[in-house]
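Here are the chains, one letter per residue:
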Amino acid sequence: IKGINYNVSDDYEEEMDSDDDSHEDLMEIQCQIPELIADAMSICTLAEVRHAKPLINALDALDKIVTRKFTPRGHRQVVKTSRSPPLLMSLAIRYDLHFWIEELLKRGYPTSTRSSGAPFIFIAVDNDDFVELPGMPLEMSWDRQRIRHRPSVACLEALLSHGADPCQQYEGSTAWSHVVEKVLEILQDPEVLENTDYTSTLAFSEWLRVAELFISHGASTSLLRSKAAPL
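As the structure is a computational prediction, the values presented were derived from the model and not from experiment.

If you trace the backbone, Asp-63 turns up in helix α3 (residues 52-70). With no salt bridge to any partner, buried Asp-63 finds its closest opposite charge in Arg-107, at an N-O distance of 7.9 Å.

Right, here's the structure in full:
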């Protein structure tokens, strides 16, 4: 990624409009870079937890390179001085790279972002919907992203313990509502777990752990009681 000759500039769109060959080169790069980012994230998921420290260094470097490539030159100083979440933070949650998320939160980065896209806590509980990843400059391949089809308990523990709001609104819903619906869905029809790549017992225990985490960090049990009443 570092060696690819590509940098966004403030007048980049104007340059592309005037040069068809440059536009074709841009389209090729917009496919190449996401694939390389996804490869890097996938490799990190295969490493043992005891190797977390060098992986954190590698992810820091990757985020710095990608941010430099996709931040207009006129805004780079603003990015350096702001405490906005790292560009690749939302994608790392998708890949369940909890050790990097924990490290970023310890450094004081916020648990959510003001930009468009789902709050981090949504991404941690739901990896099945096509939610927009905040901050990502390019569309990532969904097939490569969707390696996790269950909640990231470790990422949720980190986010909630650092002040993430379990009832943060996004598109008329909350992450807590999604957790409640998932737990009740499993209770009503255990067969929904048959399409997962792990045992039903583990799946249900993970969702119960997520519900416990949300409640312990301020989520109201009234929603759970009201929806469970018909059962």
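This part takes up the packing of aromatic side chains. In this structure the tally under the stated criterion is two aromatic pairs. A ring pair is formed by Phe-122 and Tyr-170, whose centres lie 5.2 Å apart and whose planes are at 65°; its orientation type is edge-to-face. With Phe-122 in helix α7 (residues 120-125) and Tyr-170 in strand β1 (residues 169-170), this pair connects stretches of sequence that are 48 residues apart. Measuring from centroid to centroid gives 5.7 Å for Trp-176 and Phe-214, while their planes differ by 20°, and the two rings are stacked.

With their axes 10 Å apart at the nearest point, α3 and helix α6 (residues 98-106) run at an angle of 70° to one another. By the criterion of interaxial angle, the relationship of α3 to α6 is roughly perpendicular. Only Phe-99, Trp-100, Glu-103 and Leu-104 of α6 make contact with α3, whose side of the interface consists of Ala-52, Leu-55, Ile-56, Leu-59, Asp-60 and Asp-63. Tallied by class, the residues present in the contact of α3 with α6 amount to seven nonpolar, no polar and three charged.

Count 3.6 residues to each turn of an α-helix, and residues three or four apart come out pointing the same way. Among the residues of helix α9 (residues 153-161), Val-153, Cys-155, Leu-156, Ala-158, Leu-159 and Leu-160 are the ones counted as buried. The positive-phi residue at the C-terminal boundary of α9 is Gly-163, with phi of around 100°.

Taking 1.5 Å of rise per residue, the 19 residues of α3 would be expected to cover 27 Å, and the 26 Å separating its terminal C-alpha atoms lies within 8% of that figure. For α3, every residue scored as buried is listed here: Ala-52, Leu-55, Ile-56, Leu-59, Leu-62, Asp-63, Ile-65, Val-66, Thr-67, Lys-69 and Phe-70.

Backbone geometry places Asp-96, a non-glycine residue, at a positive phi of 60°. Its relative accessible area of 26% is what places Asp-96 among the partly exposed residues. A positive phi is found at Glu-171, a non-glycine position, where the angle reads about 50°.

With respect to the helices and strands, the residue Pro-110 is situated in the loop between α6 and α7. The class for Pro-110 is partly exposed, based on a relative accessible area of 28%. Separated by 10 residues in sequence, Pro-110 and Phe-120 have C-alpha atoms that sit 9.9 Å apart. The residues touching Pro-110, leaving out its near neighbours within four places in the chain, are Arg-83, Pro-85, Met-89, Leu-105 and Phe-120.

Reading guide: rules and limits
- Residues numbered from 1 in each chain as written.
- Predicted model: local features only at pLDDT ≥ 70, side-chain atom pairs only at ≥ 80, totals over all residues.
- Heavy atoms only, no water.
- Helix = DSSP H or I, 4+ residues; strand = E, 2+ residues; numbered from the N terminus.
- Buried < 20%, exposed > 50% of the residue type's maximum accessible area, 1.4 Å probe, protein only.
- Lys, Arg positive; Asp, Glu negative; His and termini not counted.
- Salt bridge = Lys/Arg side-chain N within 4 Å of Asp/Glu carboxyl O.
- Phe/Tyr/Trp six-rings, centres within 6.5 Å; stacked < 30°, edge-to-face > 60°.
- Axes fitted to C-alpha atoms, helices over the stretch in contact; angles between N-to-C directions.
- Parallel < 35°, antiparallel > 145°, perpendicular 65-115°, else oblique.
- Contact = heavy atoms within 4.5 Å.
- Nonpolar A, V, L, I, M, F, W, Y, C, P; charged D, E, K, R; others polar.
- Expected span 1.5 Å × (residues − 1).

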